[in-house]
Amino acid sequence: MRIVTWNCNGGFWRKHSQLAEFSADVLVIQECNDPARSNNAAYRHWAGTNHAWIGNSANKGLGVFVQNGVALAQLPLAMAPRYFLPVKLGEIPICGVWAHTDPQGSRHYCGQTHSYLSASPAWLADPLCIFLGDLNSSRIWDRPKRAWNHSAAVQILHDHGLVSAYHHSHQADQGGELHPSFYLHRNAAKPYHLDYVFHGRGWSVDHCEIGTPGQWLDHSDHMPVLVDLKPTEPPRAHDP
């Protein structure tokens, strides 16, 4: 299964064709328009009916788009910070993420992710679970006295058996990434790694790549993250 997450930096109605080359089975898109309320007929046609979307503005939210003919159902939210969108793709639970600011002003970005994961939605323990998107956080900004920092959120995922596809396949530590996924103000001299794909033990990574600024900075300050996942083989029974 090929899955792509991308913060498109708005205007997805005119950018979605940029992702055609990936032939992805699942697209998780941050800062995208609500297809149902879009004035662009081509975008509405592209999105079809097999998608889920949440947001406070029709012009900027979080969308999960899947190929036609695949059963897609939205799962109930364990709690409702902005913006987390859990869905079920057949038997596969997928949670798209755009970690945002806290309207109450207490926990921003990684704090929102930590709060959501701390609620322990049941699907989080599913070995096929995929948790991905723009977390807007990195270990480099951890504050030791803050219990809800990036590393604490990652630890919750690890405790449920989820690992980062990028860090596992590239043998990189959190905060020590060699491939940035974000460039502040679209400046190639200000790189960070903010976008992640975590997967359960029911998957292995066949391929993982992050888009390059030469191709993508004209479209967004974030690079798309592409991961090819394949089911792990169940253990074979030992011969007598």
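Residues numbered from 1 in each chain as written. Predicted model: local features only at pLDDT ≥ 70, side-chain atom pairs only at ≥ 80, totals over all residues. Heavy atoms only, no water.

Chemist: Please give an account of the packing of aromatic side chains that cites residues and values.
Modeler: Across all of its chains, the model carries 14 aromatic pairs by this definition. On the basis of an interplanar angle of 50° and a centroid distance of 5.1 Å, the ring pair of Trp 46 and Phe 65 is categorised as tilted. One end of the pair, Trp 46, is in helix α1 (residues 41–47); the other, Phe 65, is in strand β4 (residues 60–66), with 19 residues separating them in the sequence. On the basis of relative accessible area, Trp 46 is assigned to the partly exposed category, the value being 31%. Owing to a relative accessible area of 5%, Phe 65 belongs among the buried residues under this scheme. Put simply, the rings of Trp 6, Phe 12, Phe 22, Tyr 43, Trp 46, Phe 65 and Trp 216 touch in pairs and so form one group of aromatic residues. (Phe/Tyr/Trp six-rings, centres within 6.5 Å; stacked < 30°, edge-to-face > 60°. Helix = DSSP H or I, 4+ residues; strand = E, 2+ residues; numbered from the N terminus. Buried < 20%, exposed > 50% of the residue type's maximum accessible area, 1.4 Å probe, protein only.)

Chemist: Any chance you could break down the environment of Val 64 for me, citing the residues and the numbers?
Modeler: Note that Val 64 resides in strand β4. Take Val 64: its relative accessible area is 1%, and that puts it in the buried class. Separated by 47 residues in sequence, Val 64 and Gly 111 place their C-alpha atoms 23 Å apart. Residues within four places of Val 64 in sequence aside, it is in contact with Val 26, Leu 27, Val 28, Asn 50, His 51, Ala 52, Leu 72, Leu 85 and Val 87. (Contact = heavy atoms within 4.5 Å.)

Chemist: An account of the side chain of Ser 138 is needed here, citing residue identities and associated values.
Modeler: Looking at the secondary structure, you find Ser 138 in the loop between β8 (130–134) and α3 (150–159). For Ser 138, the contacting residues outside a window of four places in its chain are His 150, Gly 175, His 193, Leu 194 and Tyr 196.

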